[in-house]
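Residue strings, one per chain:
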Amino acid sequence: MKYILAFVMFISAVFAQISPPGIYITFPVIGNILRQGSSYNITWQANDLPPELTIDSIALRNGSATSLGFAIQNILTEPIPASYLTYNWTVPEYLFPDTNYALSFFDSEGITTYSGFFTIA
């Protein structure tokens, strides 16, 4: 029994190190294609965050990894709790089709989180 408890504690410690506290964007990610005029649920995981933490802005970025500009400064109309884990967004039809789009989340603690690059077509 002692060994089982020690093993469970070891596994828990390993998984705690794999997912440090923070926001992790789960959609869209690398390889996803979003269509102009279509609605999508932007999703994320929130690991070990304070319950009052909010996402103050979600920006649509465009460009290379070393030179990301703003395609849209903020798609939110108001801050949302990080615990919501999803936000429905309609991709504007005026956006230029490209493979170098990313999202950046800015939270109430001043931390910015980026998605991987995805495509808008």
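All values reported here derive from a predicted model rather than from experimental measurement. (Residues numbered from 1 in each chain as written. Predicted model: local features only at pLDDT ≥ 70, side-chain atom pairs only at ≥ 80, totals over all residues. Heavy atoms only, no water.)

Counting its regular elements, the protein chain contains 1 helix and 10 strands. Listing each helix as α and each strand as β along the protein chain from the N terminus yields α-β-β-β-β-β-β-β-β-β-β. Looking at the 121 residues of the protein chain, the share that counts as buried comes to 33%. The contacts in the protein chain between residues at least 6 apart in sequence include a share of 63% that link residues at least 24 apart. Carbon and sulfur atoms form 61% of the exposed surface of the protein chain, whose accessible area is close to 7,400 Å². (Helix = DSSP H or I, 4+ residues; strand = E, 2+ residues; numbered from the N terminus. Buried < 20%, exposed > 50% of the residue type's maximum accessible area, 1.4 Å probe, protein only. Contact = heavy atoms within 4.5 Å. Areas by Shrake-Rupley, 256 points an atom, 1.4 Å probe, with all protein chains shown as cover.)

By the definition in use, this model includes 3 aromatic pairs. Summarising the aromatic geometry, the rings of W44 and F105 are spaced 5.2 Å apart at their centres and angled 85° between planes, so their arrangement reads as edge-to-face. Pair noted here: W44 is in strand 3 (residues 39–47) and F105 is in strand 8 (residues 98–107), with a separation of 61 residues, a long-range link. W44 gets classed as buried once you look at its relative accessible area, which sits at 3%. On the basis of relative accessibility, which here comes to 1%, the residue F105 falls in the buried class. If you follow R61 out to its NZ or CZ, it ends over the ring of F70, 3.9 Å from the centre. (Phe/Tyr/Trp six-rings, centres within 6.5 Å; stacked < 30°, edge-to-face > 60°. Lys NZ or Arg CZ within 6 Å of the ring centre and 35° of its normal.)

On to the sheet that holds strand 3, then. Taken together, 3 strands build an open sheet; the order of strands is 1-3-7 and the sheet is antiparallel. Edge positions in the open sheet fall to strand 1 (22–27) and strand 7 (86–90), since each of these has one partner strand only. On average, adjacent strands in this sheet sit at an angle of 30° to one another, irrespective of strand direction. Bridging between strand 3 and strand 7 involves 5 bridges; their strand directions are antiparallel. Bridged to Y40 within strand 7 is W89. (Pairing = 2+ DSSP bridges. Axes fitted to C-alpha atoms, helices over the stretch in contact; angles between N-to-C directions.)

Read these as layout, nothing more, since geometry by itself doesn't imply function.
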